[in-house]
6 protein chains.
Amino acid sequence: MWLFRPRRVAPAHCDLPCGVYDPAQARIEAVSLKAIAQKYQASSDEVFRQRCVCLKEKRAELVKHHLWVLRTDYFKPVHLARFPQLHDLFWRATQEAGEAKN
Amino acid sequence: MWLFRPRRVAPAHCDLPCGVYDPAQARIEAVSLKAIAQKYQASSDEVFRQRCVCLKEKRAELVKHHLWVLRTDYFKPVHLARFPQLHDLFWRATQEAGEAKN
Amino acid sequence: MWLFRPRRVAPAHCDLPCGVYDPAQARIEAVSLKAIAQKYQASSDEVFRQRCVCLKEKRAELVKHHLWVLRTDYFKPVHLARFPQLHDLFWRATQEAGEAKN
Amino acid sequence: MWLFRPRRVAPAHCDLPCGVYDPAQARIEAVSLKAIAQKYQASSDEVFRQRCVCLKEKRAELVKHHLWVLRTDYFKPVHLARFPQLHDLFWRATQEAGEAKN
Amino acid sequence: MWLFRPRRVAPAHCDLPCGVYDPAQARIEAVSLKAIAQKYQASSDEVFRQRCVCLKEKRAELVKHHLWVLRTDYFKPVHLARFPQLHDLFWRATQEAGEAKN
Amino acid sequence: MWLFRPRRVAPAHCDLPCGVYDPAQARIEAVSLKAIAQKYQASSDEVFRQRCVCLKEKRAELVKHHLWVLRTDYFKPVHLARFPQLHDLFWRATQEAGEAKN
């Protein structure tokens, strides 16, 4: 999935705006999400698996949040003109993050 | 602004998904945001105005969050086919919410 | 349960106060809570059911929070004079929300 | 104000319920709130005073939250029978916490 | 465990700093954490046990957070000079809180 | 300040543990914190400056949180044996983050 490729786009994340938009924030949470899913599969401990379900929920929320921030605050009409698929790409990425909770 | 028009779309808001998506959540925060902006303008009390700035920040975040959830989780490709401007509409709405912090 | 009846009371929710108190906030979370409980009963998928338990916890907290805000900030002594059962009604409603977590 | 008197009532704070209800949680936040208000009065530094306003907002929310939890989850009908003024006492205390934001 | 011994150290918890640092905040969460773990062991109800796992996660986070705040904000070099084991003590305590999630 | 040097240490951040500890999380918030401080200095707009104060508070909290997590969860006794100054380094870094709120 493209999220895991550490290509730098640019950094930024508060509406001041502080001007710092770093895709690493979404990527780190996505890597964590994937690691939790793998640990869930590899374990047979009931409590551990329930903790995985709880934590996966939170990590997926954070992936979505960081993607939403990039989408809304970093990208400008000029980006959309050059990458017309930008809207759809982010839509699908956030939906996949939501589905990763299952 | 369209956010303030209480036209019901549909309800839903967690990734279970619980199936409850209600635009009232974004609308209530937007109405609150607008009320805070007006009270800021009408007041000359220093503490009150600083509280307005703090609270406006939070409300605008919530408007954005509720719009993001609707965008990602409620709308399906079939909606996009019928309303091709959907992506842009949500993009501009969340950007306006961010700008309302100023 | 009275929570599900969409009778408008009035709107408001921050201590500025912004003057916006809308019972829809508590109602939407309560409707979500009920939907999650029903989906839990209807499913036999282990992960899905665990997610229901996690999410129900959060939704019930939000129902309680929104009811507390209405109780504390919206209602005035004049309301209490007209509806002497107001204190008890909110007490029981928040307790029911807490019990809905089970 | 009664909040500052460290009379132990009983401890408890999650809906499990874990059975731990300790009024110290509300009291500590109230003491902090009061300290912030005093430091605001004593300072003439613009940034410091703005930080006071922000932090006071958060502390007051926490005072209210901890009081709400005690009210809803700890007290039982038997307490109400013995202390009929319980409802009103908590109502006024949470309202005062809200007003302390100003 | 030392956390459960209610020896007063001193009070404080926001970076203003408000000057209020009370170890009761960490202790109350730790007592709650322990109570949840015991209730988990004593119960055979599936939903109840899953709620224990979720809530234990949150309480352990709060124990760690309150210990971190005490460590960073309350203790000064003078304390470290008198109690050279302070760094290690807090390190082990926060690690134990993390392990209590299992 | 060392925080701004992007030397990779290792990645990880939930108590599962998921095994993902990335110092980028602390660094991104620290870079944002610094950018906000500079924008505050460069602006003479009252609302903008108040928003800077609010946002700086949040960013500094996040810097501290991410450093605490690294300190508690990533570093092991073996690291401490090799880098005896580790405790002090993190202590001073989190204190500096707290002071950056002013």
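What counts, and where the lines are drawn
Residues numbered from 1 in each chain as written. Chains lettered and ligands numbered in written order. Predicted model: local features only at pLDDT ≥ 70, side-chain atom pairs only at ≥ 80, totals over all residues. Heavy atoms only, no water. Helix = DSSP H or I, 4+ residues; strand = E, 2+ residues; numbered from the N terminus. Buried < 20%, exposed > 50% of the residue type's maximum accessible area, 1.4 Å probe, protein only. Contact = heavy atoms within 4.5 Å. Areas by Shrake-Rupley, 256 points an atom, 1.4 Å probe, with all protein chains shown as cover. Salt bridge = Lys/Arg side-chain N within 4 Å of Asp/Glu carboxyl O. Nonpolar A, V, L, I, M, F, W, Y, C, P; charged D, E, K, R; others polar. Least-squares fit on C-alpha atoms with pLDDT ≥ 70 in both. Axes fitted to C-alpha atoms, helices over the stretch in contact; angles between N-to-C directions. Parallel < 35°, antiparallel > 145°, perpendicular 65-115°, else oblique. Buried area = accessible area lost by both parts, 1.4 Å probe. Polar contact = N/O pair within 3.5 Å; in protein donor to acceptor, adjacent residues only side chain to side chain. Phe/Tyr/Trp six-rings, centres within 6.5 Å; stacked < 30°, edge-to-face > 60°. Lys NZ or Arg CZ within 6 Å of the ring centre and 35° of its normal. pLDDT = per-residue confidence, 0-100.

(A) Geometry of the overall build of chain A. What chain A contains, in helices and strands, is 4 helices and 0 strands. Secondary structure elements of chain A, listed N to C terminal, follow the sequence α-α-α-α. Burial status across chain A gives 60% buried among its 102 residues. Pairs at least 24 residues apart make up 52% of the contacts formed inside chain A by residues separated by at least 6 positions. When the accessible area of chain A is evaluated, it comes to approximately 4500 Å², of which 57% is carbon and sulfur surface.

(B) Examining the interface of chain D and chain F more closely. The partner chain F presents 8 residues to the 7 residues of chain D that form the contact. Where chain D packs against chain F, one counts 2 salt bridges. A salt bridge links Glu57 of chain F to Arg51 of chain D; the nearest nitrogen and oxygen atoms lie 2.8 Å apart. Within the side of chain D that touches chain F, the residues separate by chemical class into 3 nonpolar, 1 polar and 3 charged.

(C) Broad picture of the pattern of salt bridges. In the structure shown here, the tally under the stated rule is 30 salt bridges over all chains. For Lys64 of chain A, the salt bridge is made with Asp73 of chain B, and the minimal N-O distance between the two is 3.3 Å. Taken together, the residues Lys64 of chain A in helix H2 (residues 46-74) and Asp73 of chain B in helix H2 (residues 46-74) connect one chain to another.

(D) Spotlight on the relation of the copies chain D and chain F. Each copy of the sequence occupies a distinct position, and chain D is placed on chain F by a rotation of 120° and an axial shift of 0.0 Å, giving an RMSD of 0.0 Å. As the rotation angle and translation indicate, the two copies are arranged about a three-fold axis.

(E) Here's a closer look at the packing of helix H4 (residues 86-99) of chain E against helix H4 (residues 86-99) of chain F. Running from N to C, H4 of chain E and H4 of chain F point in directions that differ by 80°, and their axes come no closer than 10 Å. Looking at the two axes, H4 of chain E sits roughly perpendicular to H4 of chain F. Counted together, His87, Asp88 and Trp91 of chain E of H4 of chain E and His87, Asp88 and Trp91 of chain F of H4 of chain F form the full contact between these two elements.

(F) The arrangement of the interface of chain F and chain A in detail. Contacts between the two partners involve 22 residues from chain F and, on the opposite side, 22 residues from chain A. Taken over both partners, the interface formed by chain F and chain A buries close to 1900 Å², and the fraction arising from carbon and sulfur atoms is 65%. Counting across the interface, chain F meets chain A through 6 residue pairs in polar contact (both at pLDDT 80 or more). Elements with a minimum of two residues in the side of chain F that touches chain A: helix H1 (24-42) and helix H2 (46-74) of chain F. The leading source of residues in the side of chain F that touches chain A is H1 of chain F, at 9 residues.

(G) How the structure looks around the relation of the copies chain F and chain A. For the pair chain F and chain A, the best superposition has an RMSD of 0.0 Å and corresponds to a rotation of 180° with a translation of 0.0 Å parallel to the axis. On this basis, the relationship between the two copies can be described by a two-fold rotation axis. Among all residues of chain F, the one whose C-alpha sits closest to the rotation axis is Gln25 of chain F, at a distance of 3.3 Å. Here 100% of the contact residues of chain F are again contact residues in chain A; the copies associate through an equivalent surface.

(H) Local environment of the packing of aromatic side chains. By the definition in use, this model includes 21 aromatic pairs over all chains. Consider the rings of Tyr74 of chain A and Phe75 of chain A, whose centres lie 5.1 Å apart with planes at 70°: the pair is edge-to-face. You can call Phe75 of chain A buried: its relative accessible area is 8%. Judged by centre distance (5.4 Å) and plane angle (20°), the rings of Trp68 of chain C and Trp68 of chain D are stacked. One end of the pair, Trp68 of chain C, is in helix H2 (residues 46-74); the other, Trp68 of chain D, is in helix H2 (residues 46-74), on a second chain. Accessibility expressed as a relative area gives 4% for Trp68 of chain C, which makes it buried. Of the aromatic side chains, those joined through ring pairs into one cluster are Tyr21, Tyr74, Phe75 and Phe90 of chain A. Above the ring of Phe90 of chain C, the side-chain terminus of Arg71 of chain C is found at 5.9 Å from the ring centroid.

(I) Summary view of the confidence of the model for chain A. Residue and element names in this part refer to chain A. The predicted model of chain A has a mean per-residue pLDDT of 86, with 87% of residues at 70 or higher. Averaged over each element, pLDDT in chain A is lowest for helix H3 (residues 77-82) (90) and highest for helix H1 (residues 24-42) (95). Taken as a whole, residues 1-12 scores under 50 in pLDDT and shows 34 contacts with residues more than four places along the chain or in a different chain. Scored by ipTM, the complex comes to 0.80, with pTM at 0.85.

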